[in-house]
Amino acid sequence: MTVPGGPDGRVTVPGGLGGAGDGDRMGPERSAGPKPGGGRTDTADHRGFAGPPPGSDPRRDEPVPPWAQWDGPEADGGEGVPRARPRAPGGRALRAAARRRRRWLVIAGGLAVVAGVVLAVVLLTGGGPGPATVTPGALITTFQPGELRQVPDACHVVPGATVQQYLPGKASVASPLAVNGMTESACNWTIDHPPVYRLMEVNMLAYAPNGLASGDGSATFAAMDAYRLALKDMQAPPRNSPARPAAVRVLSGFGSQAFSAMQVFRVGGAVTDVATVMVRYHNVVVTVTLNGLEHSNRGSYGPVSPPQLAAAAMAFAQAAEASLH
């Protein structure tokens, strides 16, 4: 195809605009009809114009995506309609699922730890009662062999014949502590008939393991600490105490540890002699005291025999200690 305007009076249009090769001019064959063979070289619409090749966008030379070719439902009920892809879970759902997984992992881990601890306890203790295995250098928190968890009723540990021998007359008996299988029990025998005044006190206490005790913190060490403190107070009473320093004698072959003491108390116009015997048996400490009023500015009490007080305290202490075996 040529148009006026060139030096020779014509301009050659490139073949890309007319459909022929480079430098070719539009010849008679361009306006000819279909080529032999019955096929058409391009697609014509209902007006006879050549349309774009199938699958291309008339506005661009880029291929048209498959979804752009579908412009409505098919007449046969939807054949060829592309199916919607499943929607991927959002970020919130993913985070919630992650939290649930972490929660189950934590619970499972905790159950595994608890099961391990229970199994270890069963294996170490043998599944039955008895003292726990003692680790060297570790604190003891259970009662050990030979230690007592409770003490007997103090009012029943001394035979009646012994009471009558050292406390002649009719003595009133009272228990200042409840007796129900506890770790401590006490009993008092009192005679108050001038000129005789006697007050016999028996106290039995089973100590438990204590982390503040010396040594390994066992019940026996707790009892040893109490025994040493009582002995120290006897030998050196606190300042402003009505008691005088006691005359102490250590007793051998009696319980695990034992001592006897004689001490004088002065309160107002009364002078009282007190005989004490303390004996430790493993983790139990037995304390026996016998008060004898030597004289008083009220009533006609006295005199009192310190050796008799000491002998009576020793007899009661022996009976109480024997009840622990």
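Refer to the structure printed above.
These numbers come from a predicted model, not from an experiment.

> Would you mind showing me how to read the packing of aromatic side chains here?
Each aromatic ring pair is characterised by the separation of its centres together with the angle its planes make. Under the definition given, this model contains three aromatic pairs. For the ring pair Trp189 and Phe316, a centre distance of 5.3 Å and an interplane angle of 75° mean the geometry is edge-to-face. Of this pair, Trp189 sits in strand S6 (residues 184–193) while Phe316 sits in helix H5 (residues 306–322), and the two are 127 residues apart along the sequence. The pair formed by Trp189 and Phe316 is uniform in burial state, with each residue classed as buried. Measuring from centroid to centroid gives 5.4 Å for Tyr227 and Phe259, while their planes differ by 70°, and the two rings are edge-to-face. Of this pair, Tyr227 sits in helix H4 (residues 219–235) while Phe259 sits in strand S9 (residues 257–267), and the two are 32 residues apart along the sequence. Looking at Tyr227, the relative accessible area reads 5%, which means it is buried.

> Explanation requested: the sheet that holds S9 in the structure shown.
The pairing of strands in a sheet happens through backbone hydrogen bonds and is either parallel or antiparallel. Read across the open sheet, the seven strands follow the order S5-S6-S7-S11-S10-S9-S8; overall the sheet is antiparallel. Strands with a single pairing partner mark the edges of an open sheet, and in this sheet they are strand S5 (172–174) and strand S8 (247–250). Adjacent strand axes in the sheet meet at a mean angle of 15°, parallel and antiparallel pairs treated alike. Here four bridges tie S8 to S9, and the two strands are oriented antiparallel to one another. For Val250, the partnering residue across the bridge sits in S9 and is Phe259. Along the sheet, H4 makes contact with S8, S9, strand S10 (270–281) and strand S11 (284–295), crossing S9 at roughly 40°. H5 contacts S6, strand S7 (196–206), S9, S10 and S11 of the sheet and is inclined by roughly 30° relative to S10.

> Please clarify how the pairing of S7 should be interpreted in this entry.
Sheet faces and side chains relate simply in a regular strand, where the side chains alternate between the two faces. Bridging between S6 and S7 involves 10 bridges; their strand directions are antiparallel. Pairing of Ala186 across the sheet is with Asn203, part of S7. Linking S6 back to S7 in an antiparallel pair, the connection comprises two residues. Pairing of S7 with S11 involves nine bridges; the strand directions are antiparallel. The residue of S11 that forms the bridge with Arg198 is Gly292.

> When you look at unusual backbone geometry in this model, what are you seeing that I'm missing?
Excluding glycine, residues mostly carry a negative phi; peptide bonds, for their part, are mostly trans. The amide bond that connects Pro194 to the next residue, Pro195, takes the cis arrangement and shows omega of 10°. Examined against the element boundaries, Pro195 turns out to sit in the loop between S6 and S7. Here the bond from Gly302 into Pro303 is cis, since omega is -10°, no more than 30 degrees from zero. Tracing the backbone shows Pro303 in the loop between S11 and H5. With a phi close to 70°, Asn240 is a non-glycine residue in the positive phi region. Mapped onto the elements, Asn240 comes out in the loop between H4 and S8. For Asn240, a relative accessible area of 77% corresponds to the exposed category. Despite not being glycine, His282 has its phi angle at roughly 55°, a positive value.

> What is the right way to look at the nonpolar core in this model?
A general feature of soluble globular proteins is that nonpolar side chains tend to end up buried together. Ranked by internal contacts, the top residues of the largest apolar core, which has 36 residues, are Trp189, Met204 and Phe316. The set of elements that each furnish at least two residues to this core consists of S6, S7, S10, S11 and H5. Beyond its immediate sequence surroundings of up to four residues, Met204 is in contact with Val151, Pro152, Ala154, Val157, Thr183, Glu184, Ser185, Val285, Val286, Ala320, Ser323 and Leu324. Counting residues in hydrophobic clusters, the runner-up holds nine residues, among them Ala223, Tyr227, Met278 and Val285.

Cut-offs and rules
- Residues numbered from 1 in each chain as written.
- Predicted model: local features only at pLDDT ≥ 70, side-chain atom pairs only at ≥ 80, totals over all residues.
- Heavy atoms only, no water.
- Phe/Tyr/Trp six-rings, centres within 6.5 Å; stacked < 30°, edge-to-face > 60°.
- Helix = DSSP H or I, 4+ residues; strand = E, 2+ residues; numbered from the N terminus.
- Buried < 20%, exposed > 50% of the residue type's maximum accessible area, 1.4 Å probe, protein only.
- Pairing = 2+ DSSP bridges.
- Axes fitted to C-alpha atoms, helices over the stretch in contact; angles between N-to-C directions.
- Contact = heavy atoms within 4.5 Å.
- Core = buried A, V, L, I, M, F, W, Y, C linked by side-chain atoms within 4.5 Å.

Bear in mind that shape data such as this cannot, by itself, settle questions of function.
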